[in-house]
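Architecture at a glance
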Amino acid sequence: RRYGLWFRLRKLIIWLLGVYIAIPFLVKLCPTIQAKLVFLNFVRVPYFIDLKRPQDQGLNHTCNYYLQPEEDVTVGVWHTVPAALWKNARGKDQLWFEDALGSSHPVILYLHGNAGTRGGDHRVELYKVLSSLGYHVVTFDYRGWGDSIGSPSERGMTYDALHVFDWIKARSGDNPVYVWGHSLGTGVATNLVRRLCERETPPDALILESPFTNIREEARSHPFSIYRYFPGFDWFFLDPITTSGIKFANDENVKYISCSLLILHAEDDPVVPFHLGKKLYNIAATSRSFRDYKVQFVPFHTDLGYRHKYIYRSPELPRILREFLGKSEHEHHH
């Protein structure tokens, strides 16, 4: 019997080793696998929520819209009004919400990270915090996420963000508009803001929460990359990402961005290592494009336990935003 057990165990070990060695070759032959792992758009958590009903997530002052950035693409959008407008917002239609963007409150365009949808728990909690601080929050699912139609690509995600930004600007009058990206959304955010600066319509500020430098460095230091010590790791795993046209080059983009920049990062972030956020800050802080603008880095100590997605819990966040955005609102009006 002991011999039979040992035989089975040996078979299992050989099989697991075979799978471990086969995966890099599979990824190399099918770069789309690696793209799917970057986007994780097929992971819909929480699964059973109806994105047409933001009120089910406790967002009673939120309207669900659908916008069409391109012919075969539809994106689902949530617009949460500032808490001060909460009572007026009850039972109102989309037109009322669109008009409300012109009320004298700043607007935050929130670009979420990979996996899940605009209805993800930590995202909803952040919308509530920002709304209570007097901001409109407009967020959406990129093509291929949630109930948005289309297939994901870096170009497509950036185009969707540009479309939603322009849609906000067409309705927000002179109100400041800020861009906030989280995790993979920081890559979309810097792509977007770089384009906005190049066409000379920059946002009033850019906020990057848990950002990385570029997708290759992030993939190399991701906790799930059990293969990072595997011979030929770059060739097997990182080159297919680049082949799929996925770069999310925050470190390049910040050299072309000219507006205030705030970076928020938790020291105990297990998904995007803290040192990548710090490295991005150092690149931005010495970049000529930020000469006339404020660049600020706010670390959150390990003891706080905010990890990758709980910075919204910080009692300091309102003050940090007020001090940082207060200044850019001041610049905006002068």
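Located above this text is the structure these notes cover.
Residues numbered from 1 in each chain as written. Predicted model: local features only at pLDDT ≥ 70, side-chain atom pairs only at ≥ 80, totals over all residues. Heavy atoms only, no water.

**Considering the pairing of strand S2 (residues 73-80)**
Extensive coverage of S2 is indicated by the burial of seven of its eight residues. As judged from the seven bridges shared by strand S1 (residues 62-70) and S2, these two strands associate in the antiparallel manner. Opposite Cys63, over in S2, you have His79 as the bridge partner. Hairpin geometry of S1 and S2 is characterised by an intervening segment of two residues between the two adjacent antiparallel strands. Pairing geometry for S2 and strand S4 (residues 136-140), over four bridges, is antiparallel. Paired with Val77 across the bridge in S4 is Phe140. (Buried < 20%, exposed > 50% of the residue type's maximum accessible area, 1.4 Å probe, protein only. Helix = DSSP H or I, 4+ residues; strand = E, 2+ residues; numbered from the N terminus. Pairing = 2+ DSSP bridges.)

**Notes on the packing of aromatic side chains**
Tallying each qualifying case throughout the model produces 14 aromatic pairs. Consider the rings of Phe140 and Tyr142, whose centres lie 5.3 Å apart with planes at 80 degrees: the pair is edge-to-face. Here Phe140 falls in the buried class, since its relative accessible area comes to 0%. The exposure class of Tyr142 is buried, given its relative accessible area of 1%. Taken together, the ring pairs in this structure connect Phe39, Phe140, Tyr142 and Trp145 into an aromatic cluster. The aromatic ring of Trp235 is capped on one face by Lys28, whose charged end is 4.1 Å from the ring centroid. Its guanidinium or amino end placed over the ring of Tyr310, Arg313 lies 4.1 Å from that ring's centre, counting from NZ or CZ. (Phe/Tyr/Trp six-rings, centres within 6.5 Å; stacked < 30°, edge-to-face > 60°. Lys NZ or Arg CZ within 6 Å of the ring centre and 35° of its normal.)

**Some thoughts on the sheet that holds S1**
The strand order across the open sheet formed by eight strands is S1-S2-S4-S3-S5-S6-S7-S8, and the pairing between neighbours is mixed. Only two strands of the sheet have a single partner each, and these edge strands are S1 and strand S8 (295-300). The mean angle between the axes of side-by-side strands here comes to 20 degrees, regardless of whether they run parallel or antiparallel. Of the strand pairs in this sheet, strand S7 (residues 260-266) and S8 are connected by six bridges, and their pairing is parallel. Bridged to Leu261 within S8 is Val295. Helix H6 (residues 154-169) contacts S1, S2, strand S3 (107-111), S4 and strand S5 (177-182) of the sheet and is inclined by roughly 120 degrees relative to S1. Here helix H11 (residues 274-285) sits on the sheet in contact with strand S6 (205-209), S7 and S8, set at roughly 165 degrees to S8. (Axes fitted to C-alpha atoms, helices over the stretch in contact; angles between N-to-C directions. Contact = heavy atoms within 4.5 Å.)

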